[in-house]
Amino acid sequence: MSESSVSFADRLKARLGERLLADPIERLAEITLEVAVEHWVEVARLLRDEPEFRFEQLIDLCGVDYLGYGQAEWDTTDVSSEGFSRGVEGRHGPGRFTWADRPLGNEPPRRFAAVAHLLSLRHNRRLRIRCHAPDDGLPIVPSLIEVWPAVNWFEREAFDLFGIVFEGHPDLRRILTDYGFVGHPFRKDFPLIGNVEVRYDPDKRRVVYEPVSIEPRVGVPRTIRHDSRFQQAAGEQARKD
């Protein structure tokens, strides 16, 4: 069988073998590899260096929080035949439960994941690789900075927003939030109103942090629509009468 007759996903599976947790996922002409965390750096280096792959460039790395994955707070099928969506006050929205008490959905067995998007200039091909942190309480993933130095700020961003610790990173500190910020704002259970509010105190002549004064509320909007068809129907009925 010639190499051209074997799909790229099959070649990846044959080469990486047990380093993958599952078969390559191919959707919309894009391939995602589920990589075991202990092989994360090894697979990255292999994908960069082997002539068959040559993913020289890391385009992006981000964190993902799978709390509430597969659950929705919008009805798209039962509420309308016109293609509209409607917000509903469900019990399954992120922030209304913990990971341990989550409703059973389509989420993976681990909560936090690091996802890297790669580009091969030589072969004009893109690839996505993902690994899940084994500990949901303290998510730790090896850093890829020795493979692609450009990942430096991306890993700092994922650490800041999701709390994912990248082991081996030389300067892992917050990059977007302020000094003294509490929590990680892209986690699904982070309150939308935040934990503290900031104001300038003229007496102390400095910025002070205080508990938020905003009352928590459901973040799903109540939708009120005006449909012209009802007005037309009412006008036709009035003419008949």
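Residues numbered from 1 in each chain as written. Predicted model: local features only at pLDDT ≥ 70, side-chain atom pairs only at ≥ 80, totals over all residues. Heavy atoms only, no water.

Structural notes on the overall build of the protein chain
Stage number 1. Looking only at helices and strands, the protein chain features four helices and eleven strands.
Stage number 2. Residues classed as buried in the protein chain amount to 35% of the 241 residues present.
Stage number 3. Summed over its atoms, the accessible surface of the protein chain is roughly 15500 Å², and 51% of this surface lies on carbon and sulfur atoms. (Helix = DSSP H or I, 4+ residues; strand = E, 2+ residues; numbered from the N terminus. Buried < 20%, exposed > 50% of the residue type's maximum accessible area, 1.4 Å probe, protein only. Areas by Shrake-Rupley, 256 points an atom, 1.4 Å probe, with all protein chains shown as cover.)

Brief notes about the side chain of D65
Stage number 1. Examined against the element boundaries, D65 turns out to sit in strand β3 (residues 57-65).
Stage number 2. A polar side-chain atom of D65 sits 3.0 Å from the main-chain amide nitrogen of L67.
Stage number 3. Dropping the residues within four chain positions of it, D65 is found in contact with R111, F112, F162, F186, R187, K188 and D189. (Polar contact = N/O pair within 3.5 Å; in protein donor to acceptor, adjacent residues only side chain to side chain. Contact = heavy atoms within 4.5 Å.)

Let's talk about a nonpolar patch on the surface
Stage number 1. On the surface, a cluster of nonpolar side chains totalling about 470 Å² of accessible area is made up of V196, V198, Y200, V207 and Y209.
Stage number 2. For the nonpolar patch, the secondary structure elements donating two or more residues are β10 (196-201) and β11 (206-211).
Stage number 3. Among the elements that take part in the nonpolar patch, β10 stands out by supplying three residues, more than any other.
Stage number 4. Residue position: Y200 is located in strand β10. (Patch = residues over 30% accessible without salt bridge, like charges linked within 9 Å, V, L, I, M, F, W, Y side chains within 5 Å. Salt bridge = Lys/Arg side-chain N within 4 Å of Asp/Glu carboxyl O.)

Focus: the nonpolar core
Stage number 1. If you look at the biggest cluster of nonpolar residues, it comprises 38 residues, and the most contacted ones within it are L33, W40, L47, I129 and L144.
Stage number 2. Those elements that provide at least two residues to this core are α1 (8-16), β2 (30-34), α2 (40-49), β3, β6 (112-120), β7 (125-132) and α3 (152-162).
Stage number 3. Considering each element in turn, this core owes the most residues, six residues, to α2.
Stage number 4. Once you skip the residues sitting within four places of it in the chain, L144 turns out to touch W40, V41, A44, L58, L61, A116, V151 and E155. (Core = buried A, V, L, I, M, F, W, Y, C linked by side-chain atoms within 4.5 Å.)

A closer look at α2
Stage number 1. By the burial criterion, the buried members of α2 are W40, V41, V43, A44, L46 and L47.
Stage number 2. Tucked into the core, α2 has its buried residues touching α1, β2, β3, β6, β7 and β8 (140-142).

Topic: the pattern of salt bridges
Stage number 1. Inspection of every chain in the model, using the stated rule, returns 15 salt bridges.
Stage number 2. Across the salt bridge formed by E146 and R45, the nearest N and O atoms sit 3.8 Å from each other. Within this pair, whereas E146 is found in the loop between β8 and α3, its partner R45 is found in helix α2, the two being separated by 101 residues in sequence.
Stage number 3. Residue R45 is classed as partly exposed on the basis of its relative accessible area of 32%.
Stage number 4. With a closest N to O distance of 3.1 Å, R111 and D189 form a salt bridge. A residue pair is termed long-range when its members are at least 10 positions apart, and R111 in the loop between β5 (86-87) and β6 and D189 in the loop between β9 (165-167) and β10 qualify at 78 residues.
Stage number 5. Overlapping salt bridges bring together D65, R111 and D189 as one network.

Remarks on α3
Note that an α-helix has 3.6 residues per turn; residues three or four places apart therefore point the same way.
Stage number 1. Along α3, the positions that sit buried rather than exposed are E155, R156, A158, F159, D160, L161 and F162.
Stage number 2. Of the surrounding secondary structure, the elements contacted by the buried residues of α3 are β3, β6, β8 and β9.
Stage number 3. Just beyond α3, the residue with positive phi is G163, at close to 80°.

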